[in-house]
Amino acid sequence: MSLAPDRVIRGLLFDRDDTLVVDVPYNADPHLVVPVPGARRAVERARAAGLLLGVVTNQSAIAKGLATRAQVDATNDRVDELVGPFDVWCVCPHDAADDCACRKPRPGMVLDAAERLGVPPEALVVIGDIGADVLAARAAGAQGVLVPTPRTRAEEVDAADTVARTLAEAVDLVIAAAEPSLVETDRA
């Protein structure tokens, strides 16, 4: 599968847990951050291609009282240090029952990231490991790439417009669809 050929891609947003780093449920401890194999290299390649980079992550541990925003931010700082840096971080601190506009699969974080990066949402791709990631992209007008893990449900894979076997493959798809001037600048 490939991305829509009629789009000019200028940025890439990643889910955090099980996409960039190994998922530790409700992780708010920077010492437990372990990058997914190949994540740093994939992010470096996207940056070298001239793409704007961000992270959009649901962190309901805050709403559940399992972590403070400062603890989640410290954990995100560690992800930034090990895998990034990223141009923008968007964090939803709410629980599913809070009915907010930002929690994936709603589009709020993708729209916020687009605004903060100064690009239309249509110029972004979201890479994630579950259906909520690609549904948030779709709801915002961006494109989504699903990188399934053993926890990804079969129906989420079936419903995704674009599926990649690995994070590296997903980034390859995005780079191939990136604005030509970005990629040519990288080659110069």
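What you are looking at is a predicted structure, and each value in this text was computed from that prediction instead of being measured. (Residues numbered from 1 in each chain as written. Predicted model: local features only at pLDDT ≥ 70, side-chain atom pairs only at ≥ 80, totals over all residues. Heavy atoms only, no water.)

### Considerations on the overall build of the chain
Here is step 1: The number of helices and strands found in the chain is seven helices and five strands.
Here is step 2: Taken against the 2.2 N^0.38 rule, which gives 16 Å for 188 residues, the C-alpha radius of gyration of the chain at 15 Å falls within 12% of a compact globule.
Here is step 3: Based on the C-alpha atoms only, the size of the chain along its principal axes is roughly 45 × 30 × 30 Å.
Here is step 4: The buried share of the chain, reckoned over its 188 residues, is 49%. (Helix = DSSP H or I, 4+ residues; strand = E, 2+ residues; numbered from the N terminus. Rg over C-alpha atoms; globule rule 2.2 N^0.38 Å. Buried < 20%, exposed > 50% of the residue type's maximum accessible area, 1.4 Å probe, protein only.)

### Some thoughts on the layout of surface pockets
Here is step 1: Computed from the structure, the largest pocket encloses a volume of approximately 580 Å³.
Here is step 2: Elements supplying a minimum of two residues to the lining of the largest pocket: β2 (52–58) and α4 (131–140).
Here is step 3: Taken together, the residues of the lining of the largest pocket sort by class into six nonpolar, four polar and eleven charged.
Here is step 4: Taken as a whole, the second largest pocket holds about 160 Å³ of empty space. (1 Å grid on protein atoms, 1.4 Å probe; cavity = no way out; pocket = protein on both sides within 12 Å on 5 of 7 lines; lining within 4 Å. Points joined across faces, edges and corners; volume = space filled by probe spheres on them. Nonpolar A, V, L, I, M, F, W, Y, C, P; charged D, E, K, R; others polar.)

### Examining the environment of aspartate 87
Here is step 1: Here aspartate 87 lies in the loop between α2 (69–83) and β3 (88–92).
Here is step 2: A polar atom in the side chain of aspartate 87 sits 2.7 Å from the backbone nitrogen of leucine 53. (Polar contact = N/O pair within 3.5 Å; in protein donor to acceptor, adjacent residues only side chain to side chain.)

### Points about the packing of helix α1 (residues 39–48) against α2
Here is step 1: α2 packs onto α1 with a crossing angle of 75° between their chain directions and a minimal axis gap of 9 Å. In this view, α1 runs roughly perpendicular relative to α2, as classed from their interaxial angle. Across the interface between the two elements, Ala39, Arg40, Val43 and Arg47 of α1 pack against Glu81, Leu82 and Val83 of α2.
Here is step 2: Class assignment for the residues of the contact of α1 with α2 results in four nonpolar, no polar and three charged. (Axes fitted to C-alpha atoms, helices over the stretch in contact; angles between N-to-C directions. Parallel < 35°, antiparallel > 145°, perpendicular 65-115°, else oblique. Contact = heavy atoms within 4.5 Å.)

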